[in-house]
Each structure stands twice: as C-alpha cells, then as structure tokens.
Amino acid sequence: MEGSEKITPLVMEKSAKPRCFKGINSFPTKYRSNKKARMTTELFNEWLVSLNSDMKREKRHILLFLDNCTVHINAPPLSNVKLQFSPPNSTSKLQPLDQGIIHNFKTFYRREVVKSVLDNL
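As a convention, each chain's residues are numbered from 1 in the sequence order in which they are written. The model is predicted, so local features are restricted to residues of pLDDT at least 70 and side-chain atom pairs to those at 80 or more, both for listing and for counting; the totals for chains, interfaces and linings are taken over all residues. For the side-chain quantities, the full set of heavy atoms in the structure was used; hydrogens and water were omitted.

## Describing the nonpolar core
Turning to step 1, where the next piece is worked out: With 10 residues, the main nonpolar core is built from Phe44, Trp47, Leu48, Leu51, Met55, Leu64, Leu66, Val71, Val81 and Leu83.
Turning to step 2, where the next piece is worked out: Contributions of two or more residues to this core are made by helix H1 (41–57), strand E3 (62–66) and strand E4 (81–85).
Turning to step 3, where the next piece is worked out: Helix numbering and strand numbering both begin at the N terminus, where a helix is a DSSP run of H or I of at least 4 residues and a strand a DSSP run of E of at least 2. It is H1 that contributes the most residues to this core, five residues altogether. Here, the term nonpolar core denotes a set of buried Ala, Val, Leu, Ile, Met, Phe, Trp, Tyr and Cys residues that are joined through side-chain atoms within 4.5 Å. Buried residues are those whose accessible area, probed at 1.4 Å on protein chains only, stays under 20% of the maximum for their type, while exposed residues exceed 50% and partly exposed ones sit between those limits.

## Some remarks on the side chain of Asp67
Turning to step 1, where the next piece is worked out: If you trace the backbone, Asp67 turns up in the loop between E3 and E4.
Turning to step 2, where the next piece is worked out: For the buried Asp67, no salt bridge exists, and the shortest N-O distance to an oppositely charged side chain is 11 Å, to Arg38.
Turning to step 3, where the next piece is worked out: What qualifies as a polar contact is a pair of N or O atoms within 3.5 Å, subject to a donor-acceptor requirement within protein and to the restriction that residues adjacent in sequence count only when both atoms come from side chains. Here His72 takes part through its side chain, which lies 2.9 Å from a polar atom of the side chain of Asp67. Counted as positive: Lys and Arg. Counted as negative: Asp and Glu, with His and the chain ends omitted from the count. Counted as salt bridges are all cases of a side-chain nitrogen of Lys or Arg within 4 Å of a carboxyl oxygen of Asp or Glu.

Here it is as structure tokens:
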C-alpha cells in the first residue's frame, strides 16, 4: 500500500433531510445528523464498527490514528482496525488544519460571498 486509498468521508450536519438534497438518491459520502452537528460517541462507534466490518470483509487490517477527543475514548472492540492515540496536548502540532487553516478558509470564503452579494446589488 502506498497510502493513496481513501475511505468514504462521514459528513455531520444538523438537518436529517436537508432540502438542498431533495430528490438526490445517491451521495458520495456517509451522512449523519444531530442537533449540534457534532460527532457523538454513538455516531463515532457506529462508524468504527462499519469500518471494521468493511476491513474484515476485505480481509485487511488497518491502523487508525486518533486524537484524544472524548468521543474517541470508549471505542468498541475491533478485530481489523487498531486504534493509535496521539499524545496528550499534541493535536495542534500534529494536525495542521487545527492551526487556523480552517478558520482562515472560512473567513476568506465568507468575505468573498459578501463581496459578490454587494457587487450584485
């Protein structure tokens, strides 16, 4: 394996059936919802069990790196997925998106949307 394989992403959102997806039968991601659009222990464990069963069916074993988020702590027993947790207080150093890249992207995107709206007025 050279590391180029990607699993289907899991998208979290507030709405169980968003209007923008009305009439769409297939979606390129796994979609889940809850009131705060946040990962919960139950949803994470459901995803882990699904991933484990996929790996078992393909007769593969994988290593999954996780941070120390409280959602990740009570994982179910898994046969084909091994979990490796990062050291405490190291997430910002190990995950570059936590160093402000996501915030900067959202800020830039919103500014461009506002500019576009104002130009069209």
